[in-house]
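# Per-entry structural report
Chain by chain, the residues run as shown.
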Amino acid sequence: MSKQKQAQLKKSVAAFAKSDTKASILQLINTIPPFFLIWFLAYQSLSVSIWLTLPLLVIGSGFVVRIFIIFHDCTHGSFFRNGKANRIIGTITGIITLFAFEKWKRSHAIHHATSSNLDKRGTGDVWVMTVDEYVNASFWGRLAYRLYRNPIVMFGLGPFYLFLLSNRFNRKGAKRKERLNTYVINASVAVIYGLLIWTIGWQAFLMIQLPIIFMAGSLGIWLFYVQHQFEDSYFENEDEWDFVKAAVDGSSYYKLPKIMQWLTGSIGFHHVHHLSPRVPNYHLEKAHESTPPLQQATTITLASSLKSIRFRLYDEANKSFVSFKEVKALLRKRKYGIQMNPGQSSVQDK
């Protein structure tokens, strides 16, 4: 795509990068109060049957994801036109979703500025190693990476790491505004959780809140993972990296059933979001439908997205993700001291 076409593409999407106060308020109304109602009904249902509680917990976790998308838009300054309104709503939704607003705002901005850039990995993204890096890594380095990419660790332990550790502590060198925001959110969570435990008991609280937050966290990590980890996803080094190509070719269109699209705040139109982060979630679909070049983005479905589980390493030579199994031959060559030429560490050379 020429620079002129790229500029035109960005200009086309810019028309949707305007928040609609009425739409934002309506989204708050149809998202946050229903979540509290579902939470209350889940508590009431405990005295009837756990089988009545379970579907409510699943639905509640879906609403937490939707609340997170509002939080996410606030970090981009796209939910409201007013910066203060975004900070206030972002902090409130951060309390509900257990995310520190200012801290995540910074790391996520870095993610957008460096997405698919092989030379600028490590902040706000999923850990990706190239085939060369993996083959040449130490035993412990490969083990750490394999554990990180294990679905049980990523989607099972990942939510606990996020909510209990990563989101609760400030990074080293964080500015005062960022540190204070994290403290406010942590204190608010502690007070609210304490009041709930005092009111309904710790057993009932954990039976409701823990599954809701865990399922929401797992789904959130999955969405973030699958929207960049598809077979022919775009990755380049700094000297070849291009922002528009990273957005359109390095982010997928996750085509979900309408109810799931609603609950996930249309974040499946991830290629649109990366091209123009100021487009609020309720305009993403319209931007996609109104811009033909964006409709050429890689489309994945619920069924096809499951294949991404086996995409573990990025093969620079073939410009695609590969599995651990596909690089075994390269590791055997290294183990037995077989000489490999520079750049030979490609699955293509098996």
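Let me begin by describing the structure that accompanies this report. (Residues numbered from 1 in each chain as written. Predicted model: local features only at pLDDT ≥ 70, side-chain atom pairs only at ≥ 80, totals over all residues. Heavy atoms only, no water.)

## Side note on the sheet that holds strand S5 (residues 320-322)
For clarity, the cut-off: Two strands form a pair only when DSSP identifies at least two bridges running between them. Only DSSP runs of H or I covering at least 4 residues are called helices, and only runs of E covering at least 2 are called strands; the numbering of each starts at the N terminus.
The strand order across the open sheet formed by three strands is S1-S4-S5, and the pairing between neighbours is mixed. Every other strand in the sheet has two partners, leaving strand S1 (129-130) and S5 as the edge strands with one partner each. One ladder, built from two bridges, connects S1 with strand S4 (residues 313-315); its direction is parallel. Bridge pairing in S4 links threonine 130 to tyrosine 314.

## Some thoughts on the side chain of asparagine 117
We apply this condition: Here's how the labels work: a residue is buried when its accessible area is under 20% of the maximum for its type, exposed when over 50%, partly exposed in between, all with a 1.4 Å probe on protein chains only. Contacts are assigned to residue pairs that have any heavy atoms within 4.5 Å of one another.
Looking at the element boundaries, asparagine 117 is found in the loop between helix H6 (101-114) and S1. Residue classification places asparagine 117 among the buried positions, given a relative accessible area of 1%. Discounting chain neighbours no more than four positions away, the residues touching asparagine 117 are Glu236, Asn237, Glu238 and Trp241.

## Some details on the pattern of salt bridges
Applied cut-off: For this document, the term salt bridge refers to a Lys or Arg side-chain nitrogen within 4 Å of an Asp or Glu carboxyl oxygen.
Evaluation of the coordinates by the stated rule reveals six salt bridges. In this structure, lysine 120 engages glutamate 238 in a salt bridge whose closest nitrogen and oxygen atoms are separated by 3.7 Å. With a gap of 118 residues between them, lysine 120 in the loop between H6 and S1 and glutamate 238 in the loop between helix H11 (202-226) and helix H12 (243-249) connect regions that are remote in the sequence. The exposure class assigned to glutamate 238 is partly exposed, which follows from its relative accessible area of 37%. Between lysine 258 and glutamate 285 there is a salt bridge; the shortest N-O distance is 2.9 Å. Of this pair, lysine 258 sits in helix H13 (residues 258-263) while glutamate 285 sits in helix H15 (residues 284-290); the two residues are 27 residues apart in sequence, bridging distant segments of the chain. Residue glutamate 285 is classed as partly exposed on the basis of its relative accessible area of 26%.

## Observations concerning unusual backbone geometry
Within the chain, serine 116 stands out as a residue other than glycine whose phi angle is a positive 75°. When you line up the elements, serine 116 lands in the loop between H6 and S1. In this structure serine 116 comes out as buried when scored by relative accessible area, which is 6%. Residue serine 266 is not a glycine yet carries a positive backbone phi of 55°. By the secondary structure assignment, serine 266 is in the loop between H13 and helix H14 (270-275).

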